[in-house]
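Okay, here's what each chain looks like letter by letter:
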Amino acid sequence: MGSIGSNLQEVRVRLARACTAAGRGAHIFTRVPEEVAQADAVARGVTLLAVSKTFGADAVREAHAAGARAFGENYVQEALAKIEALADLRAELQWHLIGPLQSNKTRPVAESFDWVHTVDRLKIAERLAAQRPATLPPLCVCLQVNVSGEASKSGVAPAELPALARAVAALAPERLRLRGLMSIPEPTDDAAAQQRQHRALRELFEALRAEGLALDTLSMGMSADLEAAVAEGATIVRVGSAIFGARTYARE
Ligand SMILES: *Cc1c(COP(=O)(O)O)cnc(C)c1O
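Residues numbered from 1 in each chain as written. Predicted model: local features only at pLDDT ≥ 70, side-chain atom pairs only at ≥ 80, totals over all residues. Heavy atoms only, no water.

Draft legend 1. Summary view of the site of the ligand. Around the ligand sit 13 residues, and of these Lys 53, Asn 74, Ser 223, Ser 241 and Arg 247 come closest. Between the ligand and Asn 74 there is a distance of 2.7 Å, counted from an oxygen atom to a side-chain nitrogen or oxygen. Bound to the protein, the ligand loses 89% of the 390 Å² it would expose on its own. When the residues that make up the shell around the ligand are grouped by side-chain class, the tally is six nonpolar, four polar and three charged. (Near = heavy atom within 4 Å. Polar contact = N/O pair within 3.5 Å; in protein donor to acceptor, adjacent residues only side chain to side chain. Areas by Shrake-Rupley, 256 points an atom, 1.4 Å probe, with all protein chains shown as cover. Nonpolar A, V, L, I, M, F, W, Y, C, P; charged D, E, K, R; others polar.)

Okay, structure coming up:
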């Protein structure tokens, strides 16, 4: 592996190639655009989310110096410490929670993050909306969908998604905004299997949009499968090890 800066540059090149191959132009965003009104531009482009879990604030600072602005974290306590250590950069950074969220940890998340990708129950969304400070812009959220059907995975079952999406979209829009869907596919080296899982999420996304929900975000694709995800319409790819290197521990 090279330095964080050179790794980032390599991932950007991979992403640009994947966008071009998918006929999407090459709009690579460093932060997810905030305007849903730009839905078409958002849908054509892809945001590179740098997944910094298990790496320290110094690594995030190095990625920031190389141009990264959106960071994904899995563990609430670890993330809060990093957000605080990087308070001087707060206005430039977009912090995304991409790990599981228990209801007893929603308050600090509502107060400190910009995005949560892993909402899979109405209760969590209600707490986040109630606890989002009125002084901040709305918290952007994705619903996590269990596309592979693995019993061990979190995420709402596809059959229960439409009802959950309608209920979350109806919560106070000045506090919480439903932007789209997220999935963590079953790991596989089989490109066709990767693509099937990504396509399943995109079809669920399109069905919700056809119902009139104003969604613009498909969070799917990681270091190993970002090309397959971009080919199926990903608007956020979550890339950790290809930027920061191998993780030496997986859990806090
Ligand atoms: C860790 C993690 C990633 C990044 O995975 P890499 O394979 O290191 O790119 C992406 N999404 C989620 C939900 C993760 O937990």
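Draft legend 2. Structural detail: the pairing of strand 4 (residues 94–97). Across the two faces of strand 4 the burial is the same, with Gln 94 and His 96 and Trp 95 and Leu 97 all buried. Note that strand 4 and strand 5 (residues 115–119) share two bridges and pair parallel. By the bridge assignment, His 96 is partnered in strand 5 with Trp 115. Crossover connection from strand 4 via helix 5 (residues 106–112) to parallel strand 5: handedness right-handed. (Buried < 20%, exposed > 50% of the residue type's maximum accessible area, 1.4 Å probe, protein only. Helix = DSSP H or I, 4+ residues; strand = E, 2+ residues; numbered from the N terminus. Pairing = 2+ DSSP bridges. Right-handed = clockwise from strand over helix to strand, strands pointing away.)

Draft legend 3. Highlighting the side chain of Glu 232. Turning to its location among the elements, Glu 232 is positioned in the loop between helix 9 (226–231) and strand 9 (236–239). A polar atom in the side chain of Glu 232 sits 3.1 Å from the side chain of Gln 195. Once you skip the residues sitting within four places of it in the chain, Glu 232 turns out to touch Gln 195, His 198, Arg 199, Arg 202, Leu 218 and Met 220. (Contact = heavy atoms within 4.5 Å.)

Taken by themselves, the reported measurements are silent on function.
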